[in-house]
Amino acid sequence: MRLGIHLPQIGRKAGPEAIRRAAEQAEQLGFADVWTSEHIILPNGAPYPPSPSFYDPVLALTWAAAYTSRVGLGTSVLVLPMRHPLPLAKELATLQNLSGGRFILGAGVGWLEAEFEALGVPFHERGRRMDEGIAMMRAVWSDDPVTFEAKYLPAVIDNMRMQPKPEKPIPIWIGGTSEPALTRALRHDGWHGSRATPEQAAPIVARLRSERPDPDFAISLRNAWDGRDEGALRARLQGYQAVGIEHVLVEPFERELGDWLAAVERIARAGEGMLS
């Protein structure tokens, strides 16, 4: 099993120095990859997420890529229906090439209706828009010239060109545990679940593996850690490994950068034998 770590790109700990230091630390400790999350705009006073301060996930990963050479770079998750696929496809292809092919696109449909309203995106069309958006990005990443007929997104793409292409294919891992999310994951390159126990994850893993036994299909889970008990964290990681999860992204709870970096050291100890 491989371990990833979330970068400090949210809340008062976030900033260029924090992201740089955390990315360098992750690479030095042997984590497989570093990850960012997304919210673009939040209602004032919203109880969750606890902070409205989110550094852009793609730009934060680009900054991390500039200070590292091995560690992977992933989003957990980009809310694809909130973004137009064409500029996003350009950004992600650029990140993939600048980083030497280290990017993983974790993608989800989102859940915060007010955020969609602020962006002028129909909330109840987000599943259809996500599926079409992925298809559009894959088309412009591979075809040259490209023609794509859009039904749900405002785009007219007829005999056009977008370059550069990704030098290495960008894997797409789908977040979520709903039936549409699992079905969508099976059509792409992996599943990236969130905050399930090993017991809760086991039937999902069994179903996914029964339909996608190929080793290139990734099964990943995001898990937050409160920093209290390294032994309990190690037991949790071993439990995930036992039910067939191949990758775990751990997100520390700490709000100050020094505490965050110290927690990452402890996560590395708990994950001994799972690091590169």
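In what follows, the structure referred to is the one given above.
What you see is a predicted model; the values in this text were computed from it and never measured.

Helix and strand counts for the protein chain come out as nine helices and eleven strands. Here the protein chain has a C-alpha radius of gyration of 18 Å; the compact-globule value for 276 residues is 19 Å, and the two agree. Expressed as lengths along the three principal axes of its C-alpha atoms, the size of the protein chain is roughly 55 × 40 × 40 Å. Expressed as a percentage of its 276 residues, the buried residues of the protein chain come to 53%. The long-range share in the protein chain, meaning contacts at least 24 apart out of those at least 6 apart in sequence, stands at 73%. By element, 52% of the accessible surface of the protein chain is carried by carbon and sulfur atoms, the whole surface being about 12,400 Å². Taking the average location of the 30 positive side-chain charges in the protein chain and that of its 34 negative ones, the two points are 1 Å from each other.

Burial runs high along strand E5 (residues 103–108): six of the six residues are buried. Side-chain alternation along E5 places Phe 103, Leu 105 and Ala 107 on one buried face and Ile 104, Gly 106 and Gly 108 on a second face that is also buried. As defined by bridge partners, strand E3 (residues 72–75) adjoins E5 across two bridges and the pair is classed as parallel. For Gly 74, the partnering residue across the bridge sits in E5 and is Ile 104. Both strand E4 (residues 78–79) and E5 contribute to a ladder of two bridges, which runs parallel. Across the sheet, Leu 78 pairs through a bridge with Ala 107, a residue of E5. Of the crossover connections in this fold, the one passing from E4 over helix H3 (residues 85–98) to the parallel E5 is right-handed. As paired strands, E5 and strand E8 (residues 172–175) are joined by three bridges and run parallel to one another. From the neighbouring strand, Ala 107 faces E8, where its bridge partner is Ile 174.

Before going further, it helps to spend a moment on unusual backbone geometry. Backbone torsion omega between Tyr 48 and Pro 49 reads -5°, so that peptide bond is classified as cis. Secondary-structure assignment places Pro 49 in the loop between strand E2 (33–36) and helix H2 (57–66). Residue Pro 164 is reached from Gln 163 by a cis peptide bond, and omega for that bond is 5°. Backbone geometry places Asn 159, a non-glycine residue, at a positive phi of 55°. Counting through the fold element by element, Asn 159 comes out in strand E7 (residues 157–160). Residue Arg 195 is not a glycine yet carries a positive backbone phi of 55°. Take Arg 195: it is sitting in the loop between strand E9 (190–194) and helix H7 (198–211).

Looking now at helix H5 (residues 126–142). The first and last C-alpha atoms of H5 sit 24 Å apart over 17 residues, in line with the 24 Å expected at 1.5 Å per residue. Taken together, the buried positions of H5 are occupied by Arg 129, Met 130, Glu 132, Gly 133, Ile 134, Met 136, Met 137, Ala 139, Val 140 and Trp 141. Buried residues along H5 sit against H3, E5, strand E6 (146–148), E7, E8 and helix H6 (179–187).

Next up on the list: the side chain of Thr 75. In this fold, Thr 75 is placed in strand E3. Residue classification places Thr 75 among the buried positions, given a relative accessible area of 0%. At 2.9 Å, the side chain of Thr 75 and the backbone oxygen of Gly 106 are in polar contact. Excluding anything up to four places from it in sequence, Thr 75 contacts Trp 35, Thr 36, Pro 57, Leu 61, Phe 103, Ile 104, Leu 105 and Gly 106.

Grouped together as the largest cluster of nonpolar side chains are 71 residues, with contacts concentrated most on Leu 80, Leu 92, Leu 105, Trp 141 and Trp 191. Per element, the largest residue contribution to this core is eight residues, and it comes from helix H9 (residues 257–270). Contacts of Leu 92, omitting those with residues within four sequence positions, involve Val 58, Leu 78, Phe 103, Leu 105, Met 137, Trp 141 and Ile 170.

Quick notes on the rules
Residues numbered from 1 in each chain as written. Predicted model: local features only at pLDDT ≥ 70, side-chain atom pairs only at ≥ 80, totals over all residues. Heavy atoms only, no water. Helix = DSSP H or I, 4+ residues; strand = E, 2+ residues; numbered from the N terminus. Rg over C-alpha atoms; globule rule 2.2 N^0.38 Å. Buried < 20%, exposed > 50% of the residue type's maximum accessible area, 1.4 Å probe, protein only. Contact = heavy atoms within 4.5 Å. Areas by Shrake-Rupley, 256 points an atom, 1.4 Å probe, with all protein chains shown as cover. Lys, Arg positive; Asp, Glu negative; His and termini not counted. Charge placed at Lys NZ, Arg CZ, Asp CG, Glu CD. Pairing = 2+ DSSP bridges. Right-handed = clockwise from strand over helix to strand, strands pointing away. Expected span 1.5 Å × (residues − 1). Polar contact = N/O pair within 3.5 Å; in protein donor to acceptor, adjacent residues only side chain to side chain. Core = buried A, V, L, I, M, F, W, Y, C linked by side-chain atoms within 4.5 Å.

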